[in-house]
Amino acid sequence: MSERLKVRLAYQSGWQVVDDNTVLETFETKEGAFQYLVDRGARVHLHWGRTVIGGETRPYDFAAKFQSESVGRIMKELHGPSAGRWYWYQGSSKGSTETKEEAVFHVERAYTRIVVKADWPK
């Protein structure tokens, strides 16, 4: 798995890439900060919380946010032949994996790369 770094908006300073509480680099744009992550082979550390639908939380279902924007979701299949697998969704990217940690990795990596259009044809 790759390094997880936070990207945060720094008031009047642009965007900062942070490891724990240490600012690694500051950029004028969000895209510049995310490109720094891609160049390092890192991924953004998203904020994860329980998925809420109709005021109810769902078991084994988590939503990812960057700032206040919803950017991805993971959930564990509880029934049927896929019971126990974790499914992940980020924009048009999706897949399944064996563990929650791997599903988190895929969403964070996909979001990091989509911000800078890393996989788009040149």
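Anyway, here's the lowdown on the structure attached to this text. Keep in mind it's a predicted model, so treat the numbers as computed, not measured.

## Some thoughts on the sheet that holds strand E2 (residues 14-19)
Then step 1. Spatially, E3-E2-E1-E4 is the arrangement adopted by the four strands of the open sheet, whose pairing is mixed. The strands lining the two open edges of the sheet, one partner per strand, are strand E3 (22-27) and strand E4 (43-44).
Then step 2. One ladder, built from five bridges, connects E2 with E3; its direction is antiparallel. Counterpart to Val-17 in the pairing with E3 is Glu-25.

## Overview of the pairing of strand E7 (residues 69-76)
Then step 1. Alignment of strand E6 (residues 56-66) against E7, held across six bridges, turns out to be antiparallel. Across the sheet, residue Ala-63 finds its bridge partner in E7, namely Arg-73.
Then step 2. In sequence, E6 turns back onto E7 through a hairpin of two residues, with Gln-67 there showing a positive phi of about 55°.
Then step 3. Where E7 and strand E8 (residues 86-90) come together, four bridges link them in antiparallel fashion. Opposite Arg-73, over in E8, you have Tyr-89 as the bridge partner.

## Observations concerning the pattern of salt bridges
Opposite charge on two side chains makes pairing possible when the charged atoms of those side chains draw close.
Then step 1. Scanning the model with the defined rule gives six salt bridges in all.
Then step 2. Across the salt bridge formed by Glu-3 and Arg-40, the nearest N and O atoms sit 3.2 Å from each other. Taken together, the residues span a long stretch of sequence, with Glu-3 in the segment before strand E1 (4-10) and Arg-40 in helix H1 (residues 30-40) at a distance of 37 residues.
Then step 3. For Glu-3, a relative accessible area of 31% corresponds to the partly exposed category.
Then step 4. The partly exposed category is assigned to Arg-40, whose relative accessible area is 39%.

Rules of the game
Residues numbered from 1 in each chain as written. Predicted model: local features only at pLDDT ≥ 70, side-chain atom pairs only at ≥ 80, totals over all residues. Heavy atoms only, no water. Pairing = 2+ DSSP bridges. Helix = DSSP H or I, 4+ residues; strand = E, 2+ residues; numbered from the N terminus. Salt bridge = Lys/Arg side-chain N within 4 Å of Asp/Glu carboxyl O. Buried < 20%, exposed > 50% of the residue type's maximum accessible area, 1.4 Å probe, protein only.

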